[in-house]
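Take a look at the letters that make up each chain.
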Amino acid sequence: MRLASRLLAVAVLAAAASACAPGPQTVTITIHYSLFDLTDVTVQAGVPVTFVLVNEDPIDHEWLIGDEGFHDKHRSGTHAAHGDVPTEVTIPALATVETTITFDEPGIMAFICHLPGHEAYGMVGTVTVEG
Ligand SMILES: [Cu+2]
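The text that follows walks through the structure, step by step, so that each part is easy to find. All figures in this text were calculated on a predicted structure; none of them were measured in a lab.

The rules behind the values
Residues numbered from 1 in each chain as written. Predicted model: local features only at pLDDT ≥ 70, side-chain atom pairs only at ≥ 80, totals over all residues. Heavy atoms only, no water. Donors = N, O, S within 2.8 Å, 3.2 Å for Na, K, Ca; no water. Helix = DSSP H or I, 4+ residues; strand = E, 2+ residues; numbered from the N terminus. Buried < 20%, exposed > 50% of the residue type's maximum accessible area, 1.4 Å probe, protein only. Contact = heavy atoms within 4.5 Å.

## A closer look at the coordination of the copper ion
No. 1: The protein atoms donating to the copper ion are His-61 (ND1), Cys-113 (SG), His-118 (ND1) and Met-123 (SD), with metal-donor distances spanning 1.9 to 2.5 Å.
No. 2: Sequence spacing of the donors to the copper ion: H-x51-C-x4-H-x4-M. One end of the pair, His-61, is in strand β5 (residues 61-66); the other, Met-123, is in the loop between α3 (118-121) and β9 (124-130), and 62 residues separate them in sequence. Just as His-61 is buried, Met-123 falls in that class too.

Okay, structure coming up:
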């Protein structure tokens, strides 16, 4: 299952990269035992990317994506839950949540679960946005 979703994400990215005009991109990230199965994602700038976040754990997790300043703020944040902003998502236990983001600029963003202890445990990944 985890390998299958990883292969699917790679296939989707490969298809998007080979197309003349970049089409919509979908990236599936599965959370299992408090770890993301994909931690190194590459997408194209200026193209909407739908992240399908699958939480296989019996506890909630977060998926917050941004630069260093964004994460510094959230490490000390007191938000109980997220959901109004596409870059700040709470994935309830055993749920799947989709969020669509268009990255305007090339660069590297981190996605992190900021629930207490989860980042230190390893719930961290990066999205490389290519121009
Ligand atoms: Cu978590």
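Past the structure itself, the notes keep going.
## Some details on the environment of Ile-101
No. 1: Following the sequence through the fold, Ile-101 ends up in strand β7 (residues 96-102).
No. 2: For Ile-101, a relative accessible area of 6% translates into the label buried.
No. 3: Sequence separation between Ile-101 and Val-47 is 54 residues, and the spatial gap between their C-alpha atoms is 8.3 Å.
No. 4: For Ile-101, the contacting residues outside a window of four places in its chain are Val-47, Pro-48, Val-49, Phe-51, Trp-63, Ile-65, Pro-86 and Thr-87.

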